[in-house]
Structures are given as structure tokens and as C-alpha cells.
Protein chains: 2
Amino acid sequence: MNRIITISREFGSGGREFGRRLSENLGCAYYDQEIVQEIAKRTELSERYVQQVMGHRPITSFPIHIGRSFRMMADPNMDQSQTIFREQCSILREMAAKSDCVIVGRCADYILWEEKPFRIFVYADMPSKVERCRVKNYEKEDLTDKELERRIAAVNRRRADYYEYYTGQKWGDRIHYDLCINTTQTNIKQMTAAISRLFMGQA
Amino acid sequence: MNRIITISREFGSGGREFGRRLSENLGCAYYDQEIVQEIAKRTELSERYVQQVMGHRPITSFPIHIGRSFRMMADPNMDQSQTIFREQCSILREMAAKSDCVIVGRCADYILWEEKPFRIFVYADMPSKVERCRVKNYEKEDLTDKELERRIAAVNRRRADYYEYYTGQKWGDRIHYDLCINTTQTNIKQMTAAISRLFMGQA
């Protein structure tokens with residue numbers, strides 16, 4: 001069985017850097033945006049659209065009680081979300097079957113549970129997330145700290161909603177992860193170097 | 001400034017083993033039961049009594065609104081709890097000032113915040129905590145799994161209450177820790193070896 005490491009991460013916490021460094025240290029595959037690209041290719045939808053759908057839990061276009069009364073009525077929004085999620089599941093399973101890998105986001109910890117992934121959650125406090133977004137010049141916009149905080153909180157709320165919709169689990173609840181890492185005061189390079197030892201038989 | 005590592009831990013999660021191994025790897029002091037012994041010595045109370053008080057949040061002997069109306073009335077239970085907590089604070093500060101160390105429990109992560117400790121929270125799922133308690137032959141009693149579960153949950157509820165009473169923070173809330181480690185599927189020896197690298201400049 002291949003060694004699968006999944007990284008769930010709060011927006012602004014450096015989870016992507018964490019995953020990339022880990023895969024570099026371990027010399028294994030790294031999947032992040034590649035998943036969106038592959039879904040777009042297979043569904044013939046645009047990457048931008050796939051990204052948007054994957055960033056939100058599905059919204060049905062009519063109230064759920066109407067949906068229940070007229071079961072045969074199709075909901076195109078819902079259908080598209082389900083199609084994308086199905087593709088996401090099969091692509092993740094193919095990636096996991098191919099070789100050792102680090103996968104960032106996309107409910108991979110849940111979808112690949114049969115592969116017994118090592119599940120990491122990366123988080124940080126708000127000032128540190130704001131600072132990280134500033135340094136990366138987030139969307140090159142001139143936002144105040146308060147605006148940036150609101151935006152970060154909104155992205156993380158959407159990630160939580162999406163995860164909870166598809167998994168029935170609470171996003172970020174420590175019991176669903178093997179390791180939760182706070183990057184507020186932690187040097188990501190040093191931490192990934194230490195964690196890598198776990199998988200290199202050198203610990 | 002000395003390197004202080006604090007370990008908060010769910011009962012049955014192997015947090016004590018985690019702390020002990022970490023201190024052995026780093027060749028630094030390890031404080032756990034020693035804190036209770038030192039408080040007992042300084043307050044001239046029995047170790048058993050100190051342990052009991054430290055395991056519960058204080059209970060006032062009359063309703064809090066009466067306490068507010070008659071401020072001059074002393075509450076002996078409350079006084080003793082406060083005395084023990086004060087000793088706990090000064091002993092922890094002395095230990096932290098003496099040398100690098102690993103401290104298990106006793107709100108050390110909060111009390112020593114000025115020393116910028118590296119704060120670890122160790123946890124596990126319930127079946128794994130039950131199994132660990134079984135292996136350690138917890139109190140040599142013949143308990144069913146359900147009874148053991150209830151006992152583990154009760155100890156952890158008390159730890160949470162005690163921590164929240166003295167710190168105003170939620171026990172186990174990831175934001176108050178640098179690292180949260182789930183020992184359910186993790187080999188503690190390997191994990192402590194990896195984490196030790198963080199503090200040995202070898203990561």
C-alpha cells in the first residue's frame with residue numbers, strides 16, 4: 001500500500017507550503033491544483049468553474065421540501081456538483097494507487113480512508129493568517145486588516161461547509177486527524193523536516 | 001531562556017509516555033508527579049489531598065450569589081484550592097527557570113506563557129484509550145469496557161473543568177497548542193523521536 005499523506009488546512013495557515021515541503025523531503029508526488037485540472041479535463045468544464053464548485057457546498061435551486069415532493073425533478077446545480085465530486089473521488093483514488101503522495105485539501109482524508117492516510121490539519125491564529133496573506137500579496141488588492149480577516153474567515157467557513165456536506169464530519173475536529181499543526185509560531189521548514197522523519201524510518 | 005515543552009493530555013492517550021520519551025531524547029528534566037510532591041511538601045498537606053484538589057475545579061461551599069453578598073465570609077474549600085494553585089504557579093516558574101524541561105499537565109502551558117513554551121496536546125479516540133488503560137491494568141479493577149469508558153470520560157471532563165476554571169480557555173482547543181498529536185494510530189516512540197529533532201537543531 002502506498003504512503004498517502006493528506007493535508008487539510010485553514011486558508012492563510014501555510015498548509016500548501018507545508019505539503020509541498022513534505023513531498024520534496026520525501027521525494028514523492030504532490031497533488032493540489034492538479035486535481036482541479038484533471039477534473040476539468042474529464043468533465044469538459046472550465047478549471048475556474050470546477051474550482052468554484054469545489055469551493056462551495058452545493059446549493060439546491062429550490063427548497064428542499066419541494067425537492068422531496070417532486071423527486072423526479074432534476075436539479076442541474078446539484079447534478080453538476082455531484083458529477084464533480086464523483087470525478088474528484090475517482091481521481092484521488094487513482095492518484096493514491098499510483099505512488100506515495102501528499103494531497104492537499106479536497107476531502108482526501110475522508111475519501112481515501114481505506115488507504116489509511118496520515119492525516120494532517122494545518123492551522124494558525126488570525127493575525128498570523130493575515131500576515132501570511134499580506135506577504136503573499138493576496139489578490140494584489142489593497143485590503144485593510146479587517147477586510148482581509150473577513151475574507152479569510154469566509155474562505156474557511158466555505159471550506160468547513162463543503163467538508164461537512166460531503167463527509168458528515170466537522171472540519172478541523174482533531175479526532176479526524178493524526179496531527180494538527182499550528183504554524184503561528186512554528187517554522188514550517190523545520191517542522192516538515194522533523195515530520196518527514198516519521199516516514200523515512202529515521203525517526 | 002530555557003526551552004520549555006508542556007504536554008496537556010487526555011487520560012488514556014499516552015501523554016505521559018510521550019512526555020517522558022521526549023525528555024529522555026532531549027536529555028532534559030521531566031516534571032509530572034514531582035509537582036504534586038513539591039506542593040505537598042510546601043503546604044504541609046498530604047500528596048493524596050493535593051492530587052485530589054488539583055484534579056477538580058474548586059467547589060464553593062455556598063451559592064455564589066451569597067458569596068457576593070457577604071464578601072468577608074471565608075470559604076475554606078476555596079482558600080485551600082487557591083493556596084495550592086498559587087504554589088503550583090510558583091513551583092512551575094521555578095522549574096522553568098532552572099533548566100530545559102518537559103512538564104506534563106497542571107496548566108503549565110498557560111501558567112508559563114511568558115516563557116513561550118512549546119505546547120503539545122496529546123489525544124486519542126475512545127477505543128484506543130480504553131485499550132491503553134486495559135494494558136496498564138487501570139487500578140487493577142475488573143471493569144467492563146463501558147465502565148472504563150465512563151471513567152475515562154469523567155477524568156477528562158474534570159481535567160477540562162479544572163483547566164477552564166483557572167485559565168478561562170477551552171481545554172484541548174487547538175488554537176492554544178502548537179501541536180496536537182493523535183496517538184490512536186501513531187507509534188509514540190517514533191513520533192517523539194521525530195518531534196525531538198525540532199529541538200535538537202537536526203530537523
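Keep in mind that what you see is a predicted model, and the values were worked out from it rather than measured.

S.K.: Is there a simple way to explain the sheet that holds strand 2 (residues 29-31) of chain B in this structure?
M.R.: Strand pairing in a sheet takes place through backbone hydrogen bonds and is either antiparallel or parallel in direction. Read from one edge of the open sheet, 10 strands run 2(A)-3(A)-1(A)-4(A)-5(A)-5(B)-4(B)-1(B)-3(B)-2(B), paired in mixed fashion. Here the strands that pair on one side only, and so sit at the sheet edges, are strand 2 (29-31) of chain A together with strand 2 of chain B. If you compare each strand with its neighbour and ignore which way they point, the axes differ by 15° on average. Relative to strand 5 (residues 179-182) of chain B, strand 4 (residues 118-123) of chain B runs parallel, the two being bridged by 4 bridges. When the sheet's bridge partners are listed, I120 of chain B is paired in strand 5 of chain B with L179 of chain B. Strands in contact with helix 1 (residues 15-26) of chain A are strand 1 (4-9), strand 2, strand 3 (101-104), strand 4 (118-123) and strand 5 (179-182) of chain A; relative to strand 1 of chain A, the strand with the most contacts, it is inclined by about 165°.

S.K.: How do you make sense of the environment of A108 of chain B when you look at a structure like this?
M.R.: Residues and elements named next belong to chain B. Tracing the chain through its elements places A108 in helix 6 (residues 108-111). Residue A108 is classed as buried on the basis of its relative accessible area of 0%. Excluding its chain neighbours within four sequence positions, the residues that come into contact with A108 are T6, L92 and I103.

S.K.: Hey, could you run me through helix 2 (residues 33-43) of chain B in this one?
M.R.: Note that an α-helix has 3.6 residues per turn; residues three or four places apart therefore point the same way. Residues and elements named next belong to chain B. Taken together, the buried positions of helix 2 are I35, V36, I39, A40 and T43. Down the axis of helix 2, the buried side of the element spans an arc of 135°, and every buried residue falls inside it. At the exit of helix 2 stands E44, carrying a positive phi of roughly 60°.

S.K.: How should I be thinking about the pairing of strand 1 of chain A in this particular structure?
M.R.: In the case of a regular strand, side chains alternate between the two sheet surfaces. Residue and element names in this part refer to chain A. The element strand 1 is largely enclosed, with a buried count of 6 among its 6 residues. Because side chains alternate across strand 1, one face comprises the buried residues I4, T6 and S8, and the other comprises I5, I7 and R9, equally buried. Looking at chain direction, strand 1 and strand 3 are connected through 4 bridges and run parallel. Opposite I5, over in strand 3, you have V102 as the bridge partner. The pairing of strand 1 with strand 4 spans 5 bridges and is parallel. Along strand 4, the bridge assignment pairs S8 with F121.

S.K.: Can you walk me through the interface of chain B and chain A in this structure?
M.R.: Chain B puts 27 residues into the contact, and the matching count from chain A is 27 residues. Between chain B and chain A we count 2 salt bridges in total. A salt bridge links E10 of chain B to R174 of chain A, with the nearest nitrogen and oxygen atoms 2.9 Å apart. Listing elements by their share of the side of chain B that touches chain A, those giving two or more residues are strand 4, strand 5 and helix 9 (188-199) of chain B. A breakdown of the residues in the side of chain B that touches chain A according to their chemical character gives 15 nonpolar, 6 polar and 6 charged. Pairing between strand 5 of chain A and strand 5 of chain B: 3 bridges, direction antiparallel. Across the sheet, residue L179 of chain A finds its bridge partner in strand 5 of chain B, namely I181 of chain B.

What counts and what doesn't
- Residues numbered from 1 in each chain as written.
- Chains lettered and ligands numbered in written order.
- Predicted model: local features only at pLDDT ≥ 70, side-chain atom pairs only at ≥ 80, totals over all residues.
- Heavy atoms only, no water.
- Pairing = 2+ DSSP bridges.
- Helix = DSSP H or I, 4+ residues; strand = E, 2+ residues; numbered from the N terminus.
- Axes fitted to C-alpha atoms, helices over the stretch in contact; angles between N-to-C directions.
- Contact = heavy atoms within 4.5 Å.
- Buried < 20%, exposed > 50% of the residue type's maximum accessible area, 1.4 Å probe, protein only.
- Arc of directions from axis to C-beta.
- Salt bridge = Lys/Arg side-chain N within 4 Å of Asp/Glu carboxyl O.
- Nonpolar A, V, L, I, M, F, W, Y, C, P; charged D, E, K, R; others polar.

By themselves these figures say nothing about function.
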